[in-house]
Structures are given as C-alpha cells and as structure tokens.
Amino acid sequence: MSRVDAVHPAPTPADRLPRGAPVPSDDAATYGLSPAEFDQVVAHLGRAPVAVEAAMFGALWSEHCGYKNSRPLLRRLPTEGPQVLQGPGENAGVVDIGDGLGVAFKMESHNHPSAVEPFQGAATGVGGILRDIFAMGARPFAILDSIRFGDLADARTRYLLSGVVQGIAGYGNAIGVPTVGGEVAFHPCYGENPLVNVMALGSLRHEDLQSGTVGAPGNVLLYVGSKTGRDGLGGAVFASADLTETSAADRPAVQVGDPFMEKLLLEACLEVIERGLVIGVQDMGAAGLTSSVAEMAHRAGRGIDLDLDRVPRREAGMSALEVMLSESQERMMLAVAPGREAELLAVLERWELDAAPIGTVADHGRFRLFEGGELVGDMPVGPLNEAPTYTRVGVEAESVRRARERDLSGVAVPADPNAVLHRLLADPTIASKRAIFRQYDHQVMTNTVVLPGAGDAAVMRVKGTRRGVAATVDCNARYVYLEPRRGAALAVAEAARNLACVGARPLGVTDNLNFGNPTVAEVYHQMVEAVEGLREACLALDTPVTGGNVSLYNQYRSGDAYVAIHPTPTVGMVGVLDDVERHAGLALRRDGDTLYLLGAGRPSLGASTYLASWHGLEAGRPPELDLVVERSLIETLHTMIAAGLVDTAHDLSDGGLAVTLAEMAIAGGRGVEVVVPSGFARRPDVALFGEAASLVVIAVRAEHDVGVREFARAAGVPIVPLGEVAGERIHIRVGEEPLALDVSVAEAAASFEATIEAALRT
Amino acid sequence: MHSIAVLRFPGSNCDDDARHALEDVLGASVRFVWHTDALGAVDAVIVPGGFSYGDYLRSGALAAKSPVMRDVRAFAARGGPVLGICNGFQILTEAGLLPGALARNTGLDFVCDTVSVRVERTDTPFTGCYREGQVLRLPIAHHEGRYEADAATLERLEGEGRVVLRYVDVHGERTSNPNGSAHDVAGIVNERRNVLGMMPHPERAVETLLGSTDGIGVLASLLESAAVTA
C-alpha cells in the first residue's frame, strides 16, 4: 500500500497544452457529443479537446450523468419539507424518521445492461445503488426492485426474467442486505428493453450524514476497492442511446459484480465514516473516475490534479481515456484530510482492501490529468458538471389520444365472473411472485416485519427503537401511457396508499423516470406530463422527491421501426411507523371479521387490467384521482392502524375489488362472504374488476367495529360494509344482480401461484 | 455472565443477527472474533451465516483454513460447544469438525423460506430446551444446503442418533424437504455431540414481531449448557 502524502505531480503552468492530438469536430459523435455540444466544449477549453477530454465531456454530458433532456423538467418536482435531511444532488436523499435517525434511499435503473446481460446487469444495479447508500454514511438495510419484462410466453422474456432475478439474488444475498419487496410487471413493450429499477434504503444517525465532496485544497483523493479494468467502458453513453440489434456487441459495456468486495467496502467505509476519518465519500458509478471526481470537486467548488499512473489497474496498456471511463465495479473515492491517513489506511488494511492516493484537491477549479508526469487533460470543473440542457416541444401521439377517448360502452359484461377472476389472478403482473422472492434472502439482518407478499409495503423494524420503516415501489405504466399526468399522479397515490395500508406515514419519494427517446415529440410529451403529475401528487401528499434517476432511450430500434416502452415513472416511497408493533398485513386473520371498503374512489373500466386481459383492450381513461380525498384516506388509515384498530388492509389496484379480496383470502387461507353495494359501479363487471384510486379493503374484528366506523366518520372518510370473513370460498355478489362470483380459496390460490412458478421452470 | 464468541470472516453477514439474538434478546454477552485473531477465553462459539470469502472456491472452504479455526478445533476438542449456522455449517464440514458436505440445492435456486424442522434429539447442548419430536418453524436461506455424505457415514449418523434436526411438514411427517438433503438432514452433531451444524437460522426466529420464536430453544440451550460446562 502506498503512502498518501507522496502524491503529487509538480504544479504545471495552466497555459500548457495537454499531450495528444486534438479531436477533429467530425468525430464528435464518437464521443457521444452533438456538433453543437462539441463546439461548446471547444469554447469552454479555448481549443479543441484531446481524446480523453472529449470522452469525459461526452460521458458527463450524457443523459445518464448530465440529465440534459430532463433537468428542466426535474426542477418542477417539489424537493423540500421539514422531514427532508438531504434533497437531490448527493449520492442519495435522506429523510428524518425521528430518534436522531435518518433513512437514506434512492432508486436507480440498470435497464440497458440487463437487456444484454441480465444476470450481471441486475447484479451490478444492486451493487451500484448500495454504494450510493453507504456513501451517505448509511448502513443499507433493504432492497426493493421494480422490474418489467415483455410477454411471458416468449422464451427471451423468461430468460431475461430468470437472469435478472438470479442477478438480484446473487448480489443482495451475498452482501447480506435483504430484498424485501418490489413489483414485477409484464407488457410486450418491454420485450427487448426490460426495466430493472433497484431501490435501496439505509439508516444513519444524523451526525454521520456524509457529503460527496473533496473538501479543501490539500486534501487527498484516495481510491479504494477493486482495480480498474476495461469492463463497463462507455456504460453511461451506452445507457443513453437506443438499443439496437447490434447492442449485444456492447456487452463489454456491462460490468461484472463482486458482492464480496463490496461487503468489505461497505464495512470499511462505514467504519471510517463513523470514526470521522474522511471528508467525503463517493461511489464510482456510471462514468467511473470521471464522474465521481468531477462531482466531488464540483460540490466543493475546487479543482483536482489526478495522477493516472497511480490508479490501480488490472490490465496493462490502458489509455488515459480507458482509465477515466472504465466502469469497473466496487470502487469508492474517499476525500481525506492530511493527518489522519495512517489511521484510515489501517482500517482499510484490516478489511483487506487496496487503497491508492491518486490525486490532490487544488484551488484552481480545473480537472487536470497527469500521466508520466505530463499533462494529458485539463478541463474546467464547472462546465464539465453542467451539461447543456434541452427543452423540447412535446406532442401527444394521436393513437394514444384515440385509445384514451375510445367509447367503452359496447364492451360486453362477461357471463362467468369466476373465469375472469381466474384469468386475472393468473395474469403475470398480478400473479403471486412467491417463486421470485423465495430466491431473495428477505430476512437477513433480522428486521423484516412484513415479508414480501404479506402486505402492501415492506416493513422493517429499526433496532434499538420502537420505530419501523416501510417502503414500496409502484407504477401502473398502462395508466401513464393512456394519460401520463393522471397516471403518474396515480403512481404516487398508490405508493402512499400502500404505505398507509401497512400503517406507515409517507415521508418522501425517489423516482426512476423510464421513458423512450426524448427527441421524439410524443415521448417528450409523456415526460412533461408525467413530471407534472408527479409534482401535483407529491405536493398534495407531502412526499417531496429527494432524488432519483432518469433513464431515457428505452426503446428498441429495428431497422426504421421503433418500439418504445410505456412511459414508466417508477415511484419509490419511504414511510415511518412510530410503533412497529402496530402494523397491518393483507392476509385475512380471523373468521368473523367485518370487511369494509374505506375511501371514496370510483371503479373504472378504462385502463384496467380486466379490460386489457379479458377484452384485449388497452383503452379508456385511468381511474379518477382526487388528491384531497386520497390524502384524507391515507392519514385516516395509518392513524387507525397505529391506534391498534386495524391490522388487515389491502388497497384496490390491478384487478379491482374482486382481486383485492381474493389476494386477502389466499394469503389468509380464509373465505369471504361479500355483497358489493349496488351503485358502487354502473356495471357489475366494473364493480368486481374495475380499478380505482383512494379505496382500501379493511378487515375489522368485532371489538373494534364501532371504533373503526366512528373514527372514519369523524375523519370524513366514507366507510361501507362489504360482508365478513367466513368459510373457504370467495363469494361476492353485486347488489341484487344475479351475477355472482363464487370460487374456492384453494382454486383461486392455484391460479394465483402457477404462472410465475411455471415460467421460471421453463 | 457467559461470553459467546461469534466468529467474523470477510463476507460473514449473519454475525450481527446472532449478536442481536444472544445479547439483546437473551441477555448473553457476545464477543466478535475476527478470523485472524485468537479465540481467547469463551464459553461457546458460534460460526455465523453469510458468504465468507464470497463463497468463492466452495462455500466455507476458505474460511475453514483461517487462523481462528485452529483455536475453534482445539476448543471443540476440549468439549466446548460450537454451533455453525448455514454458512457456519458449511465451514464446519470443510474444517472437518463435522462429516459430509453441503451441496447445491436440488432446485438449483437459492431458497429463502420458513420451513418445518423436527427436533430428533434433545441430548445435545443445543436442543435441551425442546421436546423430542417437537416441530419448529425456522427460516432457511441458502443456495448450498443439500446435506450429502456417503452411505456408511449416513448410517453411522443415524445409528448414533446424531441427526438432531430434520426437515418435515407442518405435521411433523417426512414429506417436505426444501433442498434435497439426504435423510432430510437439517442439522447434525459430531461424535462427542458438542458441535452442531444446522442450515436453518435459529437467530432469525427469536422475536414474535418477526413471526417465530421457535429458534430461541437452540440459543437458550446453548447458554444453559455453556453455564454447565464453564
């Protein structure tokens, strides 16, 4: 291990030019820069860039790092609130959960890597987001995933699904952070371009909150972890382009994960942070050394002299460009003040980690690279971090407008509701994900109170306190596709409702905005509208956005034809339970409990899973959403659960009331005897299978019956009795309609459990 | 006050769960022992779960060669109780403290679930708090949990009553085996009965809040017997 103090290359006059040939402007595209962007680089430098400089600008100005198409939109999102300890701009956001503790959380996508190499793509997605969490000084304690694939009947979809699941399992299980929840959805639009969004949560004491900064001049940059290789070269640029038939040739742009190395990094980083030995910590993620160093310097308003010869490498003959752009995994950058190096190195050595001082902080405001004592790159830190932004004009696709406005009055009411229920329970998006989460260690760390599949959100207790933390990831992309603004707002509302259903008070959001190519007007329209929807709902529900990720170019290009994904703004939300003993699950617990419908939503045929799955129509408007009504439902529900009045709750979502009741019955192994009030919907099939916002089914034991009804009335939240928990059948009538649904719990369970289990076996 | 050593290898990840169960739930005193350090004076040793050395080469193979295992071998030879959980079980077989090996689950996938396990023997330092035949609900989480040994070894284990825990269904019948283990083995002891290796995680089942307290008996038995031997 080298000594830290001996770092530094002699100061070089700023007017000296870096070694190497200037890049001709015709080559701009090679570096991911448009001709206009190339001209801006020339203006910032006062000369043409050399190759490594062009590549660094190209990477930092890519959508993945620079958010050039989304930054103006993201400014619309609310980011502040008394509960926010850290908003956007750091490695992760942090919310206050009380008792001097905070929860750091963030979601990130690994879509393109997972499309070409599902196991490693997903595994390194987990590794990357965990590094963001412990860089904040937080110990990761939970992982959730939102993953989306194409048609399950395709062999390729099954290959991607099983690879992604094994990749998540392989990394999370080995590092010992439980995978506690998430969503798995299917739609043909994700066939070639699956989505892999991973969210992680970590806990920290307020005083340990870190910043990814280099601090003051004279500080040393210490490189810790795996050596640098050629893997993941150009990953940020790869992630910012359309997938094509030749994308498999980009497999070298996918990194390889080593959870064992990351476990050592995790423990070592948390130890040096706790002992106050570091000034700043940053993950080397997308664009590797380039982005980590540039971002840390930018936060401090400083410059950096970086000695490439000192970067630990596992391959000989790497060029400056390759070293700076490598995305080798399990690497961290620490900023260290002179004086504590020996103590710091001793900790790293104990964890059997290699470390190398590779640069010093300077006050010149430039990012300078040296190799063999020569200047090989010299760029101003500010412009590197300030990608040009683009505001475009969006136009709604005519086909989407027509689908939304389609007249659905001619849709026939099915004669056999039992068959519909079986079809919906077996629909891969609704079906049990047990065969998936069985592969994830969801109990390591012994905090998981509500296990995957047992509640609308995961609940983890916080050791040493009475508190719990709940988390969920949600998005119904069909809603967003048909009506982006309302659909995105519905995603936020559902996330908040899911937290309330386990007894948690929602605190904050991390979002992962997955869209197609932003230069396509119809896609840009979706982005603008969806962000407005997120804004409205996050403001109304008091859940500020503390960070997140934008993933664009999620479309597959085959010749001249484009297949864009449904717009998918995945919402990750975190909430707190003041007393974790008081939580709720979705399984029916006792025969004789009264079932109530709580809330004021109206079921809709439009945009429903029922309409898509049974009638083959993706059309109509998503359910109406009144955010004032939603907020009052959420507050009432989590307060009732915290008061010990309710311990069983499940919201209406995909598949409507019948599927909600069936899921509660299957999980609890008990039947329901229900009569849906006539007037709930205009059609019996919509009453059973129509989807709605702001509605939750609760099961209430006799002793709390009066208390619950009085509580709801006092809060002004409608509460309607549905029936009771009884027997072994799911028996639902709609008013006086002759049509009745009547299925045994065991048969329903068989339909629910079979789909994913079978898909993973073939 | 007993001191229980919980070993820590690079990649251990159930070490703090074991500490929490013993210290915060059962009131014992725990000392973490790093794999290169000496074991020192302790009343019992726990080899916790996780992915020591990333499970590279073979699960448990590298950890079995670490310096602290020499002390553990000597401690076991003196009759001290040693409990290996999950990866700890794998390490104990690799270290030769227990016979047989743990192979990849028959389903080939990692399995995390809560399963039924029957207590076959109560005459060990780890199961004294249970009734013979008692069916426990315990979490499992492993990729290589399929116990394998040659026929003679299995016969000997059975003959000497060294299969201490067995996978069963909720009724205690031998119809359910999550990983394909020979003879439905979930846990075995050595000849002297002071070293237990088990794939299920008792330390994950010690609090009602987390769903089961059936694992307390393993740890409580260990504390009790440590008091006797100390």
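About the criteria used
- Residues numbered from 1 in each chain as written.
- Chains lettered and ligands numbered in written order.
- Predicted model: local features only at pLDDT ≥ 70, side-chain atom pairs only at ≥ 80, totals over all residues.
- Heavy atoms only, no water.
- Helix = DSSP H or I, 4+ residues; strand = E, 2+ residues; numbered from the N terminus.
- Buried < 20%, exposed > 50% of the residue type's maximum accessible area, 1.4 Å probe, protein only.
- Contact = heavy atoms within 4.5 Å.
- Polar contact = N/O pair within 3.5 Å; in protein donor to acceptor, adjacent residues only side chain to side chain.
- Patch = residues over 30% accessible without salt bridge, like charges linked within 9 Å, V, L, I, M, F, W, Y side chains within 5 Å.
- Areas by Shrake-Rupley, 256 points an atom, 1.4 Å probe, with all protein chains shown as cover.
- Salt bridge = Lys/Arg side-chain N within 4 Å of Asp/Glu carboxyl O.
- Buried area = accessible area lost by both parts, 1.4 Å probe.
- Nonpolar A, V, L, I, M, F, W, Y, C, P; charged D, E, K, R; others polar.
- Phe/Tyr/Trp six-rings, centres within 6.5 Å; stacked < 30°, edge-to-face > 60°.
- Lys NZ or Arg CZ within 6 Å of the ring centre and 35° of its normal.
- Pairing = 2+ DSSP bridges.
- Domains from an automatic or database assignment.
- Axes fitted to C-alpha atoms, helices over the stretch in contact; angles between N-to-C directions.

## Points about the environment of threonine 648 of chain A
Residue and element names in this part refer to chain A.
Here is step 1: Tracing the chain through its elements places threonine 648 in the loop between helix H21 (627-642) and strand E24 (649-651).
Here is step 2: Judged by relative accessible area, threonine 648 falls into the buried class, the value being 0%.
Here is step 3: Sequence-distant contacts of threonine 648, that is, excluding residues within four places in its chain, are made with Ala584, Gly585, Leu586, Ala587, Leu588, Arg589, Arg590, Met664, Val697, Ile698 and Ala699.
Here is step 4: In this structure the side chain of threonine 648 is engaged in a polar contact, spanning 2.9 Å, whose partner is the side chain of aspartate 647.

## Examining a nonpolar patch on the surface
Residues and elements named next belong to chain B.
Here is step 1: Nonpolar side chains collect at one region of the surface, where Tyr56, Leu57 and Leu62 lie side by side and expose about 300 Å² of accessible area between them.
Here is step 2: Mapping leucine 62 onto the fold places it in the loop between strand E3 (44-47) and helix H2 (68-77).
Here is step 3: Residue classification places leucine 62 among the partly exposed positions, given a relative accessible area of 35%.

## Some details on the interface of chain A and chain B
Here is step 1: Facing the 31 residues of chain A at the interface are 26 residues of chain B.
Here is step 2: Between chain A and chain B, roughly 2,500 Å² of surface is buried when both sides are summed, and carbon and sulfur atoms account for 54% of that area.
Here is step 3: Of all residues in chain A, Phe260, Arg438 and Gln443 of chain A bury the most surface against chain B, accounting for 24% of the area lost on that side.
Here is step 4: Joining chain A to chain B, the criterion identifies 4 salt bridges.
Here is step 5: Here glutamate 207 of chain B ties to arginine 461 of chain A by a salt bridge, and the two come within 2.8 Å at their closest N and O atoms.
Here is step 6: On the surface where chain A and chain B come into contact, there are 10 residue pairs in polar contact (both at pLDDT 80 or more).
Here is step 7: Going through the elements one at a time, helix H7 (155-175), helix H9 (259-274) and strand E15 (448-450) of chain A are the ones with two or more residues in the side of chain A that touches chain B.
Here is step 8: Partitioned by chemical class, the residues of the side of chain A that touches chain B number 11 nonpolar, 10 polar and 10 charged.

## Side note on the packing of aromatic side chains
Here is step 1: Applying the stated rule across the entire model yields 7 aromatic pairs over all chains.
Here is step 2: Measuring from ring centre to ring centre gives 5.0 Å for tryptophan 351 of chain A and tryptophan 34 of chain B, while their planes differ by 75°; the resulting arrangement is edge-to-face. Here tryptophan 351 of chain A, found in the loop between helix H12 (341-350) and strand E12 (355-362), pairs with tryptophan 34 of chain B, found in strand E2 (residues 29-34), and the two come from separate chains. The same class applies to tryptophan 351 of chain A and to tryptophan 34 of chain B, which are both buried.
Here is step 3: On the basis of an interplanar angle of 15° and a centroid distance of 6.1 Å, the ring pair of phenylalanine 89 of chain B and tyrosine 147 of chain B is categorised as stacked. A residue pair is termed long-range when its members are at least 10 positions apart, and phenylalanine 89 of chain B in helix H3 (residues 87-94) and tyrosine 147 of chain B in strand E8 (residues 146-148) qualify at 58 residues. Take phenylalanine 89 of chain B and tyrosine 147 of chain B: they sit in the same class, and that class is buried.
Here is step 4: What links up through ring pairs into an aromatic cluster is the set Phe260 of chain A together with Tyr53 and Tyr56 of chain B.
Here is step 5: The positively charged end of arginine 350 of chain A is found above the aromatic ring belonging to tryptophan 34 of chain B, 4.9 Å away from the centroid.

## With respect to the pairing of strand E6 (residues 111-119) of chain B
All names here are of chain B.
Here is step 1: Of all 9 residues in E6, 8 are buried, a share of seventy percent or more.
Here is step 2: Direction of pairing for E6 relative to strand E7 (residues 135-142): antiparallel, over a ladder of 8 bridges. Note on E7: the bridge partner recorded for valine 117 is leucine 136.
Here is step 3: Pairing analysis gives 4 bridges linking E6 to strand E9 (residues 163-168), with the strands arranged antiparallel. Bridge pairing links valine 119 to leucine 165 in E9.

## Considerations on the domain arrangement of chain A
Residues and elements named next belong to chain A.
Here is step 1: Domain annotation of chain A identifies domain 1 (63-385) and domain 2 (414-443 + 584-762).
Here is step 2: Residue-level contacts link 19 residues of domain 1 with 15 residues of domain 2.
Here is step 3: With both chains or domains summed, domain 1 and domain 2 bury close to 1,400 Å², and 66% of this area falls on carbon and sulfur atoms.
Here is step 4: Summed over the shared surface of domain 1 and domain 2, the number is 0 salt bridges.
Here is step 5: Our count for the domain 1 to domain 2 interface comes out at 5 residue pairs in polar contact (both at pLDDT 80 or more).
Here is step 6: Contributions of two or more residues to the side of domain 1 that touches domain 2 are made by strand E4 (139-149), H7 and strand E5 (179-186).
Here is step 7: Top contributing element to the side of domain 1 that touches domain 2 by residue count: H7, with 8 residues.

## Describing the sheet that holds E9 of chain B
Residues and elements named next belong to chain B.
Here is step 1: Overall, mixed pairing links the 9 strands, which are arranged E2-E1-E3-E4-E11-E10-E9-E6-E7 in an open sheet. Where the open sheet ends on each side, the last strands, each with one partner, are E2 and E7. Going from strand to strand, the sheet's axes swing by 25° on average, the running direction of each strand aside.
Here is step 2: Running over the sheet, H3 touches E3, strand E4 (82-85), strand E10 (185-189) and strand E11 (195-198) and is turned about 120° from E4.

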